[in-house]
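# Observations on the model geometry
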Amino acid sequence: MVKLDPLVAKFSSDAYLGFDFGNKKIGVAVGHADTGIASPLQTIQSLNQVPDWHKIGQLIAEWRPIGLVVGISRQNDGSDNVITPRMQKFCRQLNGRYNLPVHQIDETLTTFAAKQMLFDDLKVSAAKLWAVQDQLAAQIILQSWFDQ
């Protein structure tokens, strides 16, 4: 599989940023619509369950995306779970702050898939896993959106 260098997308006019929202951390990925390939970018820490809007703003300014993709977690039956309303609020805040289209996609089990790939398949240590699992989950979210 050919992996797009994130720096290539940085200078593109059709970049997207993907987000794996969590109360403590937000994983971020970047992708290029022309290639339809997403790459993990970074993990942003939240303070007291408040996103680091300064860092998110820096990424928006740096990558100049034409859209944002956020994974939304739901129960197996499709109903909201405890964090769903916070994820939807995050989407509204992204749209309101940056005036970019925000696309939502089901993120069921993306963090689990990221953990399994890192820990089971790649044998990444638990400490390193905690640091990168969210950006890999964001990559899975963005890649799933591109693939649809």
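Structure: above.
Below is a summary of the structure that appears in this document. Since the structure is predicted, the reported quantities are computational estimates derived from the model, not experimental observations.

Check the secondary structure of the chain and you find five helices and five strands. Taken from N to C terminus, the helices and strands of the chain fall in the order α-β-β-β-α-β-α-β-α-α. Buried residues in the chain amount to 47% of all 148 residues. Long-range pairs, those at least 24 residues apart, make up 63% of the contacts in the chain with a sequence separation of at least 6. On the chain, roughly 7900 Å² of surface is accessible, and the fraction owed to carbon and sulfur atoms is 54%.

Here the focus is unusual backbone geometry. Residue Asn 48 is not a glycine yet carries a positive backbone phi of 55°. As for its placement among the helices and strands, Asn 48 is situated in the loop between strand 3 (37–45) and helix 2 (53–63). Exposure remark for Asn 48: the relative accessible area of 70% places this residue in the exposed category. Phi angles above zero are rare outside glycine, and Asn 99 is one such case at about 50°. As for its placement among the helices and strands, Asn 99 is situated in the loop between helix 3 (84–98) and strand 5 (102–106). Its relative accessible area of 66% is what places Asn 99 among the exposed residues.

Packing of helix 2 against helix 3 leaves a shortest axis separation of 12 Å and a crossing angle of 55°. Here helix 3 runs oblique to helix 2, going by the angle between their axes. Relative to helix 3, the crossing made by helix 2 is right-handed. In contact with Trp 53, Ile 56, Gly 57 and Ile 60 of helix 2, helix 3 contributes Phe 90, Gln 93, Leu 94, Arg 97 and Tyr 98. Looking at side-chain class alone, the contact of helix 2 with helix 3 contains six nonpolar, two polar and one charged residues.

Taken together, five strands build an open sheet; the order of strands is 3-2-1-4-5 and the sheet is mixed. Every other strand in the sheet has two partners, leaving strand 3 and strand 5 as the edge strands with one partner each. Mean inter-strand twist for the sheet, computed between neighbouring axes without regard to direction, equals 25°. With four bridges connecting them, strand 1 (residues 15–21) and strand 4 (residues 67–72) associate as parallel partners. Paired with Gly 18 across the bridge in strand 4 is Val 69. Sheet strands touched by helix 2: strand 1, strand 2 (25–32), strand 3 and strand 4. Its angle to strand 3, the strand with the most contacts, is close to 150°. Seen against the sheet, helix 3 touches strand 1, strand 2, strand 4 and strand 5 and runs at an angle of roughly 175° to strand 4.

What counts and what doesn't
What you see as residue numbers is a count from 1 along each chain, following the sequence as written. Two thresholds apply to this predicted model, a pLDDT of at least 70 for residue-level local features and 80 or more for giving and counting side-chain atom pairs, whereas whole-chain, interface and lining totals are computed over all residues. Where side-chain values are given, they derive from all heavy atoms of the structure, hydrogens and water being excluded. Each helix corresponds to a stretch of at least 4 residues labelled H or I by DSSP, and each strand to a stretch of at least 2 residues labelled E; elements are numbered beginning at the N terminus. Each residue is placed in one exposure class: buried if its accessible area under a 1.4 Å probe, protein chains only, is under 20% of its type's maximum, exposed if it is over 50%, and partly exposed if it falls in between. Residue contacts are counted whenever heavy atoms from the two residues lie within 4.5 Å of one another. The Shrake-Rupley method, run with a 1.4 Å probe, gives the accessible areas here. Residue values count only the displayed protein chains as cover. As a rule, the C-alpha atoms of each element are fitted with a line to give its axis, helices using only the stretch in contact, and angles between N-to-C directions run from 0 to 180 degrees. If an angle is under 35 degrees, it is roughly parallel; if it is over 145, roughly antiparallel; if it lies from 65 to 115, roughly perpendicular; otherwise it is oblique. Should the near helix be turned anticlockwise from the far one by less than a right angle, the crossing is termed left-handed; should it be turned clockwise, right-handed. All amino acids are sorted into three groups, where Ala, Val, Leu, Ile, Met, Phe, Trp, Tyr, Cys and Pro are nonpolar, Asp, Glu, Lys and Arg are charged, and the leftover types, Gly among them, are polar. By this definition, two strands are paired if DSSP reports at least two bridges between them.

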